[in-house]
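# Remarks on the overall topology
Listed here are the chains, written in short residue letters.
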Amino acid sequence: MRVYVPLTLSGLASVHGAGEIGPGPLTAYAVTPGLREWYVSDDIEELEYAALNRAAAASLRLIAGKPDELRRRVVVALDVPDGAVAADPDHILDASSLGEVRLADAVPLSKAAAVHVDADDAEKDVAAAAAALGAADLGDDDAQFTVDGAEDHELLWFGIQEIPGLIA
């Protein structure tokens, strides 16, 4: 199963140094029955893209909680056995956690298929989105518009061998 783990750039540096993503439990995003129903598509590539975007939104939340963090969203795509993934039963009906899954244990970085990271030109919009996230959560439409502005930036694809250049 392909899962998408939200990180920050400093988190990616830690993962690279440790050689694994962990410790568990880890929150990730995947194509779940709830995500399928919400997205209303049978196209696996579209569904995986939706899961990737859910992870990017979670990365934004991680960034918002770290004022000194570089303002670039990071998502690591991992291939794990189906049995390693469990849907979160406490949040299954919560729309904000569609596609959310748990990995009980750490996952070797060698299981990563790719790393997705914002381009440099996204930093301004990601910074604004991180600052507006709290107000958006409280229902402020202008703040939500700012948060949505970060989603206008596509995450770039990198091979895992490119991680040292990303964290340098």
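Before reading on, note that the structure itself is shown above.
This one's a predicted model, so the numbers in the text were calculated from it and none came from an experiment.

## Here's the deal with the overall build of the protein
- Counting its secondary structure elements, the protein contains six helices and nine strands.
- Relative to the 2.2 N^0.38 estimate, which gives 15 Å for 168 residues, the radius of gyration of the protein is 15 Å and therefore close to what a compact globule would have.
- Projected onto its principal axes, the C-alpha positions of the protein cover 40 × 40 × 25 Å.
- Per-residue burial for the protein yields a buried fraction of 43% across its 168 residues.
- Long-range contacts, defined here as pairs at least 24 residues apart, represent 76% of the contacts in the protein between residues at least 6 apart.

## With respect to helix α1 (residues 9-18)
- Those residues of α1 not exposed but buried are Leu 9, Gly 11, Leu 12 and Val 15. Taken around the axis of α1, the buried residues stretch over an arc of 150°, which confines them to a single face. α1 presents Ser 14, Gly 17 and Ala 18 as exposed residues on the side facing more than 90 degrees away from its buried surface.
- On its buried face, α1 is in contact with β1 (2-7), β2 (20-21), β4 (74-79), β8 (112-117) and α6 (163-167).
- With its phi angle positive at about 80°, Gly 19 sits one or two positions after the end of α1.

## What to know about the side chain of Thr 32
- Along the polypeptide, Thr 32 turns up in the loop between β3 (26-29) and α2 (33-39).
- Other than its neighbours up to four places away in sequence, Thr 32 contacts Gly 99, Glu 100 and Val 101.

## Some remarks on the packing of helix α4 (residues 123-137) against helix α5 (residues 141-151)
- Where α4 contacts α5, the axes come no closer than 7 Å and their chain directions differ by 145°. Taken as a pair, α4 and α5 cross one another with a handedness that is left-handed. Facing Asp 125, Val 126, Ala 128, Ala 129, Ala 132, Leu 133, Ala 135 and Ala 136 of α4, the residues of α5 in contact are Ala 143, Gln 144, Thr 146, Val 147, Gly 149 and Ala 150.
- In the contact of α4 with α5, the residues fall into 10 nonpolar, three polar and one charged.

## As for the packing of helix α3 (residues 44-64) against α4
- Contact geometry of α3 with α4 gives a least axis separation of 9 Å together with a crossing angle of 90°. As the angle between them shows, α3 and α4 are arranged roughly perpendicular. Across the interface between the two elements, Leu 60, Arg 61, Ile 63 and Ala 64 from α3 touch Val 126, Ala 129, Ala 130, Leu 133 and Asp 137 from α4.
- Its residues placed into classes, the contact of α3 with α4 shows seven nonpolar, no polar and two charged.

The rules behind these values
- Residues numbered from 1 in each chain as written.
- Predicted model: local features only at pLDDT ≥ 70, side-chain atom pairs only at ≥ 80, totals over all residues.
- Heavy atoms only, no water.
- Helix = DSSP H or I, 4+ residues; strand = E, 2+ residues; numbered from the N terminus.
- Rg over C-alpha atoms; globule rule 2.2 N^0.38 Å.
- Buried < 20%, exposed > 50% of the residue type's maximum accessible area, 1.4 Å probe, protein only.
- Contact = heavy atoms within 4.5 Å.
- Arc of directions from axis to C-beta.
- Axes fitted to C-alpha atoms, helices over the stretch in contact; angles between N-to-C directions.
- Left-handed = near helix turned anticlockwise from the far one by under 90°.
- Nonpolar A, V, L, I, M, F, W, Y, C, P; charged D, E, K, R; others polar.
- Parallel < 35°, antiparallel > 145°, perpendicular 65-115°, else oblique.

All quantities given are derived from atomic positions and should not be read as evidence of function.
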